[in-house]
Amino acid sequence: MSSILLICKKEFKSYFTGPIAYLLMAFFGLIFGFGFYTATRDIVRFSLQAQMMGQQQPMNLNDQIIRPLLGFASTISLFLIPMITMRLIAEEKKSGTIELLLTSPVNDISIIIGKWGGAMLLYLCILGMSLLNLAMLFAWGKPDWHPVAIAYLGLILQGGCLLAIGTFISTTTKNQIIAGGVTFFVCLLLWLLSWFTAFDTGGFGQVISYLSIITHFDNFAKGLLSMKDVIFYLSMIFFALFLSLRSMESLRWRS
Amino acid sequence: MIKVEGLTKRYARTVAVDNISFEVEKGQIVGFLGPNGAGKTTTMRILTCFLPPSEGTANVAGYDVMANPLEVKKRIGYLPETPPVYPEMEVSEYLNFVGRLKGIGSGAIHSKVDDVVGKCALGDVRNKLIGQLSKGYRQRVGIAQAIIHNPAVLVLDEPTSGLDPKQIIEIRELLRNLAGEHTIILSTHILSEVEHSCERVIIISRGKLVAIDSVANLTNRLRGSEAVAVEVQAVDGRPNPTEVQQRLEQISGVSRVMMKESKDSRLVFEVESLQGRHIRADLARTVVNSGWNLNEMRSVGLSLEDIFLQLTSAEKPAEAAQENQEGGTK
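Residues numbered from 1 in each chain as written. Chains lettered and ligands numbered in written order. Predicted model: local features only at pLDDT ≥ 70, side-chain atom pairs only at ≥ 80, totals over all residues.

It is worth spelling out the overall build of chain A at this point. From N to C terminus, chain A includes 11 helices and zero strands. Helices (α) and strands (β) of chain A occur, in sequence order from the N terminus, as α-α-α-α-α-α-α-α-α-α-α. With the principal axes as the frame, chain A shows a C-alpha extent of 75 × 45 × 30 Å. The buried share among the 255 residues of chain A stands at 38%. Summarising the internal contacts of chain A: among those between residues at least 6 apart in sequence, 82% fall at separations of at least 24. (Helix = DSSP H or I, 4+ residues; strand = E, 2+ residues; numbered from the N terminus. Buried ≥ 20, exposed ≤ 12 C-beta atoms within 10 Å, placed from the backbone. Contact = placed C-beta atoms within 7 Å.)

Here's what the structure looks like:
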């Protein structure tokens, strides 16, 4: 347990000794901030128009700003996650430090979970940038915080799932670029699956759409916490980490 | 302390290590010698539980590497060929991390780090990023990380590569100090390294064990065969070099004749004898009887380098096999 924390801490810290963590946070903050600006500008304009015409339209911050924005955040994270996970194991394999980890009295599973945990912490920091914007809504408006919390839980679970897949892909190569590229491709594919199957209501389409990571996020974005989606994400995380573990073990047999 | 039996490691197409057996006593420094690609690193990786063997067993500090890898890893310090350092970490931060990883508690870690920083002379750079260090310092950080948890067995893959001569001497001294309580296996292709710091030598070539003996025995045994440098001068006219060479080769007990130099009318040859044969008298007689002058005759000691080449060169497979058997029975 202590070695998991140790590796996790080290991994998290090493993101911040290079530019990568700052770049990703800045990138996410900028794009999310722009989305926030556009969304609030529109709602302010609409509410002014509504007032001038003397109509009283119910304005709902949750529905009109927070939900689309967090959906937007989930899409941006698809692009950021490959950059977080690509170095995790690939770099260790390239530089030879993997020999240190594998000859230390630590279980392989601790290494995998520690690495994934470090990536997870960075992902939380990146998501944290969006709180800056939402904090303003809470300061000047009165949105309901329950659906916001559930949407964030969804973002965290979806991110954890993609990070675990990225960790697995990073164990399979010693080239960071390949690890990043393949992870990006897989993320894109999982994202597109929900589009391909939007018009297909047959059994096969349903299975495919069930596998899409985005479809499961929709419920969270709406503020619905369903066990089905939580279990889907948790089992995907478990499965991807299990594959990473197997891939690490095979490293010993093949290299 | 280390017991290896019938160790074999096969890759898809090649056999990296072929049926190697040896034992290392507690507190010994053992040199692991071999040309590039001989299987040194593979053997070390098996000992440190990085790779599993295809066949055979390896036992380190009383634990089998396959059955109890965690216990073995706790008792072993390993410096791979390239020091496993993270360039983005500071030296002390890195040693802290490795120490904790190897199971040192948070209470003892600072004194342990101070300890190895002192032992490996890293005081000047302890707050620098490892990425900014020179190769020599990086190597020392690598050694520091291997000894931080005070392991019973140290496995060092080419510990002095990339160091300057002064640092090499320092590392040798460090190893000698460590030898009492630690058992050390170090691989190298620098032979003087072995002559200086090791008590026993294991020579492997192409995955096979060629010789295992103490340094002194090995040099003595092979010094039984001596090498003599002979300078021959013609009395009248220049003797034909090939003729001289043929004459010398015909002397019984001579294994090899090499021409080293020919200047004016003087020819210098190096003559090697078979084991346990004394050839100087015959040599002198032959030269004088042929009507040439014998200007000089001196012995050229076979260095460990020559021995090593003799044992590992592929030209003489029969000899190598013979040595192998001798090595095995010793």
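Per-chain confidence: chain B averages 82 in pLDDT, with 87% of residues scoring 70 or above. Scored as a whole, the predicted complex attains pTM 0.81, and scored at its interfaces, ipTM 0.86. (pLDDT = per-residue confidence, 0-100.)

Along helix 10 (residues 213-221) of chain A, the residues classified as buried are Ile213(A), His216(A), Phe217(A), Phe220(A) and Ala221(A). Summarising the axial view, the buried residues of helix 10 of chain A lie within an arc of 150°, below the 170-degree limit, and thus occupy one face. (Arc of directions from axis to C-beta.)

Moving on: the interface of chain B and chain A. How big an interface is tends to be stated in terms of accessible area lost as the parts join. Each partner contributes residues to the interface: chain B has 20 residues there, and chain A has 18 residues. Looking at the side of chain B that touches chain A element by element, the count peaks at four residues for helix 3 (residues 91-101) of chain B. When grouped by side-chain class, the residues that make up the side of chain B that touches chain A number 12 nonpolar, three polar and five charged. (Nonpolar A, V, L, I, M, F, W, Y, C, P; charged D, E, K, R; others polar.)

Right, let's get into the pairing of strand 10 (residues 208-214) of chain B. All names here are of chain B. As defined by bridge partners, strand 9 (residues 200-205) adjoins strand 10 across six bridges and the pair is classed as antiparallel. Paired with Arg200 across the strands is Ser214, a residue of strand 10. Counted between consecutive antiparallel strands, the loop separating strand 9 from strand 10 contains two residues, among which Arg206 sits at a positive phi close to 50°. (Pairing = 2+ DSSP bridges.)

We now examine the sheet that holds strand 14 (residues 292-300) of chain B. All names here are of chain B. Here four strands make up an open sheet; going across it, the order is 12-13-11-14 and the pairing antiparallel. Edge positions in the open sheet fall to strand 12 (254-263) and strand 14, since each of these has one partner strand only. Recorded for the sheet is a direction-independent mean angle of 20° between the axes of neighbouring strands. Bridge analysis of strand 11 (residues 227-234) against strand 14 gives eight bridges, and the strand direction is antiparallel. By the bridge assignment, Val228 is partnered in strand 14 with Ser299. (Axes fitted to C-alpha atoms, helices over the stretch in contact; angles between N-to-C directions.)

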